[in-house]
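Below, each chain spelled out in residue letters.
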Amino acid sequence: LPSRVLGWDLAPSVSHSRLPYSTDIQGFRRTAPDGSVDPKLPTVAFWGDSLVHGDEQSNEQSWLWKLQERFSGRLRIVNGGVPGYGSDQGLLRCLQRADEVNSKVNFLSYATSDLFRHVNIARPCLNHAADVPFLKPRYIINSVGGIERVNPPYTDFDNIVDVIRDPATRDFLAHHDAFFPRPLMQISEKVLRHLDLDLVIDLRKKRYREALEITWKIFDKFLKECDKRHVLGVPILLPMFWGLHPSGGDFDFLIEHLEQKGQPYLDLRK
């Protein structure tokens, strides 16, 4: 579902056409059968990416459904994860919906696969096999060292082709999307793919450093916003042990900053 604030979001009260996913009346992935959880129970909400959402698992096998079962009668668990999100969209969804769900604790996720999403706006620029066509907002570092959000032109099912073809959109992406295919980048990537070196030679070091810094500032903003609302905010680091994005130094970077500020976090590598 296209969203002006988030880029895309989950529609309420729907079931996926192919996969065993469904949402409740608020547009959150189900963590329990309808009517089985008292809405007056203290609420713990999880915000973030497909690992929070529980991609590739049925509702009943998703980890937040299991957590709801574990805390039955004591807590209400809200699954605020959305496929394709990074921590940035997870934060925006938290800010948009946390008051509505009246959460006492907010967890915001980070996985290594989220990192470059934080400097990306058009997903196909980052992942050529991406199945999310809509443009998303991103945070940039401003002149005083904080972060501010930049919003792309709104895209939906009807206007996506026209918006992408618009020269103003392409100028916007060239300026704000670290993976927008500038001519030199296109040539470099074609040569590397031809030589089967695209996964061996990493030309992304500058973008990696920028993405790490923005990721930390996203979590710093999350913690400050939770403090303003007098709720507990906890970063939750979801590890990836194999594949293209194994976790490592990025986790250590974030943990060092969190510990310097005396902030709680969960590092699930353990």
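Anything mentioned here points back to the structure above.
Within any chain, residue numbers begin from 1 and follow the written order of that chain's sequence. Thresholds applied to this predicted model are a pLDDT of at least 70 for local features of residues and 80 or more for the giving and counting of side-chain atom pairs; totals over whole chains, interfaces and linings are not thresholded and use all residues. Hydrogens and waters are ignored; side-chain quantities use all the structure's heavy atoms.

(A) Structural detail: helix α6 (residues 167–176). Among the residues of α6, Thr169, Phe172, Leu173 and His176 are the ones counted as buried. What you see down the axis of α6 is that its buried residues fit within an arc of 95 degrees, all on one side. Exposed side chains of α6 directed beyond 90 degrees from the buried face belong to Pro167, Asp171 and His175. Tucked inside the fold, the buried residues of α6 contact β6 (138–141), β7 (147–150) and α5 (160–165). The definition of a polar contact used here is a pair of N or O atoms within 3.5 Å, where within protein one atom must be able to donate a hydrogen and the other to accept one, and adjacent residues in sequence count solely through side-chain atom pairs. The secondary structure listing takes helices from DSSP runs of H or I that are at least 4 residues long and strands from runs of E that are at least 2 residues long, numbered from the N terminus. Measuring from the backbone nitrogen of alanine 168 back to the side-chain oxygen at the start of α6 gives 2.9 Å, which picks out aspartate 166 as the cap. Each residue's exposure class comes from its accessible area (1.4 Å probe, protein chains only) as a fraction of the maximum for that residue type: buried when under 20%, exposed when over 50%, partly exposed otherwise. What the arc describes is the spread of directions from the helix axis to the C-beta atoms. The contact rule is simple, with two residues in contact once any of their heavy atoms fall within 4.5 Å.

(B) Representation of the sheet that holds strand β3 (residues 43–48) in the model. If DSSP finds at least two bridges between two strands, the strands pair. Read across the sheet, 5 strands follow the order β4-β3-β5-β8-β9 without closing on themselves; strand pairing throughout is parallel. Across the chains shown, the open sheet's two edge strands, defined by having one partner strand only, are β4 (76–81) and β9 (266–267). Pairing analysis gives 6 bridges linking β3 to β4, with the strands arranged parallel. Residue glycine 48 lies in a different strand from β4, and its bridge partner there is glycine 81. Helix axes use the C-alpha atoms of the stretch in contact, all axes being lines fitted to C-alpha atoms, and the angles between their N-to-C directions lie in the range 0 to 180 degrees. Against the sheet, helix α3 (residues 87–101) contacts β3, β4 and β5 (103–110), and its axis sits at roughly 170 degrees relative to β5.

(C) Region of the structure containing the environment of threonine 23. By the element assignment, threonine 23 lies in the loop between β2 (7–8) and β3. Between the C-alpha atom of threonine 23 and that of aspartate 252, which follows or precedes it by 229 residues, the distance is 34 Å. A polar side-chain atom of threonine 23 sits 3.0 Å from the main-chain amide nitrogen of serine 13.

(D) Main features of the packing of helix α8 (residues 205–228) against helix α9 (residues 249–260). Running from amino to carboxyl end, α8 crosses α9 at an angle of 40 degrees, the nearest separation of the two axes being 10 Å. Classified by the angle between their axes, α8 and α9 sit oblique to one another. Here the hand of the crossing between α8 and α9 comes out right-handed. In this structure, α8 uses Tyr208, Leu212, Glu213, Thr215, Trp216 and Leu223 to contact α9, whose residues at the interface are Gly249, Asp250, Phe253, Leu254, His257 and Leu258. Amino acids are sorted into nonpolar (Ala, Val, Leu, Ile, Met, Phe, Trp, Tyr, Cys and Pro), charged (Asp, Glu, Lys and Arg) and polar (every other residue, Gly among them). Partitioning the contact of α8 with α9 into residue classes produces 7 nonpolar, 3 polar and 2 charged. Angle categories are assigned with fixed cut-offs, so that under 35 degrees is roughly parallel, over 145 is roughly antiparallel, 65 to 115 is roughly perpendicular, and the rest are oblique. Each crossing gets its handedness from the near helix: less than a right angle anticlockwise from the far helix is left-handed, clockwise is right-handed.

(E) Just unusual backbone geometry, in detail. Here glutamate 56, not a glycine, exhibits a phi torsion of approximately 75 degrees, which is positive. Among the secondary structure elements, glutamate 56 is positioned in the loop between α1 (50–53) and α2 (63–70). Look at glutamate 56 and you get exposed, because its relative accessible area is 72%. In the Ramachandran plot, histidine 230 falls in the positive-phi region, its phi being about 60 degrees despite a non-glycine side chain. The class of histidine 230 is exposed, set by a relative accessible area of 75%.

(F) Summary view of the pairing of β7. Two strands pair when backbone bridges link them, and β6 and β7 are joined in this way by 4 bridges, in the antiparallel orientation. By the bridge assignment for β7, isoleucine 141 is matched with isoleucine 147. The turn linking β6 back onto β7 is made up of 5 residues, and glycine 145 within it adopts a positive phi angle of 90 degrees.

(G) Representation of the pattern of salt bridges within the structure. Salt bridges are counted wherever a side-chain nitrogen of Lys or Arg sits within 4 Å of a carboxyl oxygen of Asp or Glu. Considering all chains together, one arrives at 15 salt bridges under this definition. With its nearest N and O atoms 3.6 Å apart, the salt bridge here joins arginine 229 to aspartate 99. In this pair, arginine 229 is assigned in the loop between α8 and β8 (232–237) and aspartate 99 in helix α3, connecting sequence segments 130 residues apart. Residue classification places arginine 229 among the partly exposed residues on the basis of a relative accessible area of 29%. Taken together, the shared-partner salt bridges connect Asp99, Lys221, Glu225, Lys228 and Arg229 into one network.

(H) Geometry of the environment of valine 37. Relative to the elements of secondary structure, valine 37 occurs in the loop between β2 and β3. On the basis of relative accessibility, which here comes to 21%, the residue valine 37 falls in the partly exposed class. As for valine 37 and leucine 75, which are separated by 38 residues in sequence, their C-alpha atoms are 8.4 Å apart. If near-sequence neighbours (up to four positions away) are discounted, valine 37 is found in contact with Ala32, Gln68, Leu75 and Arg76.

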